[in-house]
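# Structural overview for review
As a plain string of letters, each chain reads:
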4 protein chains.
Amino acid sequence: MSEDRTARLLIRCADRPGIVAAVSGFLYRHGANITELDQHSTDPSGGRFFMRLEFQTPGMDLARESLARAFEDEVAQRLGMDWRLSYAAQRPRMAILASAQDHAALELLWRHSRGELKVEIPCLISNHDTLRAAAASFDVTFHHVPWQDAGQRAAAEARMTELLEGRADFLVLARYMRILSAEFVARWPNRIINIHHSFLPAFAGADPYRQAHERGVKIIGATAHYVTAALDEGPIIEQDTARVSHSDELDALRRLGRDLERQVLARAVRWHVEDRIIVDGNKTIVFA
Amino acid sequence: MSEDRTARLLIRCADRPGIVAAVSGFLYRHGANITELDQHSTDPSGGRFFMRLEFQTPGMDLARESLARAFEDEVAQRLGMDWRLSYAAQRPRMAILASAQDHAALELLWRHSRGELKVEIPCLISNHDTLRAAAASFDVTFHHVPWQDAGQRAAAEARMTELLEGRADFLVLARYMRILSAEFVARWPNRIINIHHSFLPAFAGADPYRQAHERGVKIIGATAHYVTAALDEGPIIEQDTARVSHSDELDALRRLGRDLERQVLARAVRWHVEDRIIVDGNKTIVFA
Amino acid sequence: MSEDRTARLLIRCADRPGIVAAVSGFLYRHGANITELDQHSTDPSGGRFFMRLEFQTPGMDLARESLARAFEDEVAQRLGMDWRLSYAAQRPRMAILASAQDHAALELLWRHSRGELKVEIPCLISNHDTLRAAAASFDVTFHHVPWQDAGQRAAAEARMTELLEGRADFLVLARYMRILSAEFVARWPNRIINIHHSFLPAFAGADPYRQAHERGVKIIGATAHYVTAALDEGPIIEQDTARVSHSDELDALRRLGRDLERQVLARAVRWHVEDRIIVDGNKTIVFA
Amino acid sequence: MSEDRTARLLIRCADRPGIVAAVSGFLYRHGANITELDQHSTDPSGGRFFMRLEFQTPGMDLARESLARAFEDEVAQRLGMDWRLSYAAQRPRMAILASAQDHAALELLWRHSRGELKVEIPCLISNHDTLRAAAASFDVTFHHVPWQDAGQRAAAEARMTELLEGRADFLVLARYMRILSAEFVARWPNRIINIHHSFLPAFAGADPYRQAHERGVKIIGATAHYVTAALDEGPIIEQDTARVSHSDELDALRRLGRDLERQVLARAVRWHVEDRIIVDGNKTIVFA
């Protein structure tokens, strides 16, 4: 499918009969061709309904703004829909925040350079200076925003807000080892993706591989989630696991875990970029 | 969802704009409530289009036969559709064919007894007599149809046709170690499910675990597929794999493989029973 | 390897140079042929050392009792070893405790009947009467020991102790939905295996699939562990996970989870039976 | 374990009683401390025996050369052993051959830069010029050795032999899309690792993702193997698989496959570097 011509419609509303007919009828009347359609209902009687459509626009009789207005007037208002229309050609702007470890950030930079992630990357911000050269090798702007102790948080967040506000559509915490304030998080609702290095809700908090090693688990995991004010408790987007054994010391868990983190974060980010995720309370619907 | 009220519609046609609108509009007009909808297109320009809908019937203004006739007249004919309507309450009749090994057959019998497989089981047929007691313990009719060498095939197939024709909707080869004739297979097009004990197309033919052991693979697999005249080459429904090592001798591969076979076959059968599979040439679309 | 002739030696001691040489030299001098050898050290300087050997006895110059005495005198005493010698031909006696759900218990009974689990099964005990027929179909003695509320615990445990003491070597809780007292557990140290239906330490306690569904995880798990006085906190033997999505309702999690539980429990029990597990504090060394 | 002090001994011989006692006794007498020991026998009566030991050298009474000589005289000769002694501190030299695709080569370069792969990288050779900048960003020497058609093979191989002979200990084909001659391969027996983008033996030869897509498999795979004169038939080192569905077009298989290839190749190379692989005919023993 040509990226130029592909539009996406995300819908959330109360479930009731006729939603699919109303939406698909509207698109057909205006000349769109639906190429993907996913839906989910929490309960057909009184539940919440979610839908994602991908459609091709070349045959349409409406320009972008008119299409949005027409959809609101002809369909959304009547059915009480929350909805969002986006175009694959409009690449979202993804800022990356990282600390000293490079694996998660590099994975995103590399996938972007290969064309796997359809985003713009306005900048990579780190509280360490170690990723400067890596960012440069991918032609990405690097900002060093130091933040070593709690006292520096306010200043660091102010500086980051300055760098990001109006310049990024969403943020990725690629092993960013600082805890953002509730105020900062509130500026980016469901628009900050974090990779936590455990199979949440197991081993929330600090040093999860050490916790896992001490508990003697036989499987480790990684979790990508949207960041909320409650640490490690936001809506989970994606998880994966890997087998370990008694002979895997803490270093081995960290090494195996890095591979999981890279994969899980990359999938979560791709789904976010392709508008495949709808947040429903503290859960996600992922139309992967 | 109450099983009594759930209907399923499977559709195959040339892709073109307006299919979703036509089908969902039809169902809405007649009072159905769509609860699942999956679609797939091989290519929006000139490709083949596939759709599966599950909908609730209590509010409908048409009885079963009228519904089918109306769908044909109002939608299917105009859009050139192959389609099939089924009702969750009408349980398909699944006959099981097995040989001496019991694991695959028992897995199906046990899942049926737990209510996981919504089928009737008219009989279990084996070319050995060893599964008689197991069938009895699940209250399933057992038929011993001996077939030891090639000369007995015609008689065995004739006897099985007698036992199955008009009494079964589909057959499952649960490690049935005899090769059915093209004529027999032709009576059950896309209605015989086989479990092959390898990751097809690797290790087709006899004794795949021995082949795998000799090749020194690090992963073994199992494959459920529809049976066609070409041995081990029919449309693949489901596969899964498990890790092995140099220390796993042939017996260990067989033991680990049995667990895979049980899981893979059970999933394939459930999807078939729930009308989640559409065959497209030598491939399957699985709306799992 | 013929089961009759296979012996196993499990060793635990402080790590120091010369342990492998001492043990393998001893076995060689007395005519044994080592066929498996696994070792693990928590730290070569001052750590704990663990070893498992499997060896063939036909060429040995010592009978069983003399062998044990000679090992103690010639090797174990000098190196301060905890050790245990067992013979594959001496099948341990495994009692199964279950409640109303049959899948975990049936899996063990079926694997036993196929020869996959080299145990004797003195009895299956349940606080419900529903598994009586299943036990009978596998020729296993069934005891109904009712226990519906807390007030019945003492009586139920007393009855079970009567049935098990001297008749079982270890117990398997195959989805036994009652919490055993610390006193009961203390009679069977590291000899009660439980299957918990979550990826511990996530979702300990009651109704873990409901907890998992509410948290919106993308992976579910199952955990086999030895039972200790602290609920769901004993040493983990084995875990596995399966992918789920937003469309999997609670029932689907339970269905997918049952398959995990069966696999994970079967593996843990087999390793226990084959003397492949050494408990080290609250962790296990598993020489699988 | 400090890398400086760690030695590894790989042994292959006919199985017979007393091997472990002889080897461990020798090491103990000379002051070594065994920290890892793995063994494998194809058959205790008349089979082939394989062993890998890792031991710490600080307490030893022999220097490197004397140790090798003493082992040959005191143990290996008598037991008819093939053996190899190596030291973790002596990093093998790994040359990388790649074509236009960068993912497999970059993965190795990145893991090396992180310290995960204990090798020297004398050079990266490609038949395209596209990886020059990537090599430079990791400070690795790049050689462009063009080879577009069959007529250029002899010249290209001659040039590569010039660049590699005496400068590399083993080669990694990181998606090198040219077929090396039997003569070239013969110079590097069991010292060329290839990553094939399918689950071998399925889909050997060209364009395996296209073959997989056409066959309609539900799982794709990747295979790392040693290169022999017979294309795609050398001893398999490692494999892994990933789930796909009917909705994954050829491009998606390639994208998912790249992730598999990176992981599988990285594991195979690490095991080779840590002397964890013994080739036995057309199979590998991997003491992972």
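Shown above is the structure to which this text applies.
Our subject in this report is the structure included herewith. (Residues numbered from 1 in each chain as written. Chains lettered and ligands numbered in written order. Predicted model: local features only at pLDDT ≥ 70, side-chain atom pairs only at ≥ 80, totals over all residues. Heavy atoms only, no water.)

### Considering the packing of aromatic side chains
Where we set the bar: Two aromatic rings from Phe, Tyr or Trp, using only the six-membered ring of Trp, form a pair when their centres are within 6.5 Å; if the ring planes differ by under 30 degrees the pair is stacked, by over 60 it is edge-to-face, and anything between is tilted. Criterion for a charge above a ring: Lys NZ or Arg CZ within 6 Å of the ring centre, and within 35 degrees of the ring normal.
Applying the stated rule across the entire model yields 14 aromatic pairs over all chains. Cluster of aromatic residues (ring-pair linked, three or more members): F26, F71 and W83 of chain A. The cationic tip of R64 of chain C hangs over the ring face of Y87 of chain C; the distance from NZ or CZ to the ring centre is 3.7 Å.

### Considering the relation of the copies chain A and chain B
We count it as follows: When the copies are superposed, the least-squares fit takes in the C-alpha atoms of residues with a pLDDT of at least 70 in both. Only heavy atoms matter for contacts: two residues are in contact if any of them lie within 4.5 Å across the pair.
At an RMSD of 0.0 Å, chain A and chain B line up after a rotation of 180 degrees and a shift of 0.0 Å along the axis. With respect to symmetry, the two chain copies, as superposed, fit the operation of a two-fold axis. Taking C-alpha positions as the reference, the residue of chain A nearest the rotation axis is A21 of chain A, at 2.8 Å. Looking at chain A, 100% of its interface residues are interface residues in chain B too, so the copies touch through the same face.

### Section: the interface of chain A and chain C
Quick reminder of the rule: Defined here as a combined quantity, buried area equals the accessible surface (1.4 Å probe) lost by two parts on assembly, summed across both. Salt bridges are defined as contacts in which a side-chain nitrogen from Lys or Arg sits within 4 Å of a carboxyl oxygen from Asp or Glu. Polar contact is the term for a pair of N or O atoms within 3.5 Å; when the atoms are in protein, one must be able to donate a hydrogen and the other to accept it, and sequence-neighboring residues count only if both atoms are side-chain atoms. A helix here means a DSSP run of H or I that spans at least four residues, while a strand means a run of E at least two residues long, and both kinds are numbered starting from the N terminus.
Residue-level contacts link 33 residues of chain A with 33 residues of chain C. Summing both sides of the interface, chain A and chain C together bury roughly 2700 Å²; the carbon and sulfur share of this comes to 54%. Contact with chain C buries surface across chain A, with R215, K218 and H246 of chain A losing the most and accounting together for 26% of the total. In this structure, the connection of chain A to chain C is made through four salt bridges. For the salt bridge of R243 of chain A with D240 of chain C, the shortest nitrogen-to-oxygen distance reads 3.9 Å. Our enumeration of links across chain A and chain C arrives at 17 residue pairs in polar contact (both at pLDDT 80 or more). Sorting the residues of the side of chain A that touches chain C by element identifies α7 (208-215), β11 (236-243) and β13 (283-286) of chain A as the ones contributing at least two each.

### Comments concerning the nonpolar core
This is how the line gets drawn: Here, nonpolar core means buried Ala, Val, Leu, Ile, Met, Phe, Trp, Tyr and Cys residues that are tied together by side-chain atoms lying within 4.5 Å of each other. Burial status follows relative accessibility: with a 1.4 Å probe on protein chains alone, a residue under 20% of its type maximum counts as buried, one over 50% as exposed, and anything between as partly exposed.
Judged by nonpolar contacts, the single largest core of 94 residues is most densely connected at M94, L124 and V269 of chain B together with M94, L124 and V269 of chain D. Contacts of M94 of chain B, omitting those with residues within four sequence positions, involve L108, L117, V119, E120, I121, P122, C123, F170, V172 and V269 of chain B. One finds A105, L117 and I277 of chain A together with I236 of chain C within the second-largest nonpolar core, a separate group that totals 93 residues.

### Description of the pattern of salt bridges
When the charged atoms of two side chains lie near each other, side chains of opposite charge can form a pair. Summed over all chains, the structure comprises 124 salt bridges over all chains. Here E54 of chain C ties to R8 of chain C by a salt bridge, and the two come within 3.9 Å at their closest N and O atoms. Residue E54 of chain C is found in strand β3 (residues 48-56), and its partner R8 of chain C is found in strand β1 (residues 6-14); the two are separated by 46 residues along the sequence. You'll find E54 of chain C and R8 of chain C in the same group, each marked buried. Of the charged contacts in the structure, one is a salt bridge between R52 of chain C and E36 of chain C, with a shortest N-O distance of 3.4 Å. With R52 of chain C in strand β3 and E36 of chain C in strand β2 (residues 33-41), the pair connects residues that are 16 residues apart, well separated along the chain. For R52 of chain C, a relative accessible area of 0% translates into the label buried. One network of salt bridges, in which partners are shared, links E107, R111, E116, R258, D259 and R262 of chain A together with E107, R111, E116, R258, D259 and R262 of chain D.

### Structural notes on the relation of the copies chain A and chain C
When chain A is fitted onto chain C, the two copies agree to an RMSD of 0.0 Å after a turn of 180 degrees and an axial shift of 0.0 Å. The overlap is high: 100% of the interface residues of chain A also sit at the interface in chain C, so the same surface is used on both sides.

### Considerations on the side chain of D232 of chain B
Spelled out, the test is: Positive: Lys, Arg. Negative: Asp, Glu. His and the chain ends are not part of the count.
With respect to the helices and strands, the residue D232 of chain B is situated in the loop between β10 (219-226) and β11 (236-243). Of the side chains bearing the opposite charge, R215 of chain D lies closest to the buried D232 of chain B, which forms no salt bridge; the N-O distance is 8.0 Å. A distance of 3.3 Å separates polar atoms of two side chains, one belonging to D232 of chain B and the other to H196 of chain B. A distance of 2.8 Å separates a polar side-chain atom of D232 of chain B from the backbone nitrogen of G205 of chain B. Beyond its immediate chain neighbours, meaning those up to four positions away, D232 of chain B contacts N194, H196, L200, A204, G205 and H225 of chain B together with R215 of chain D.

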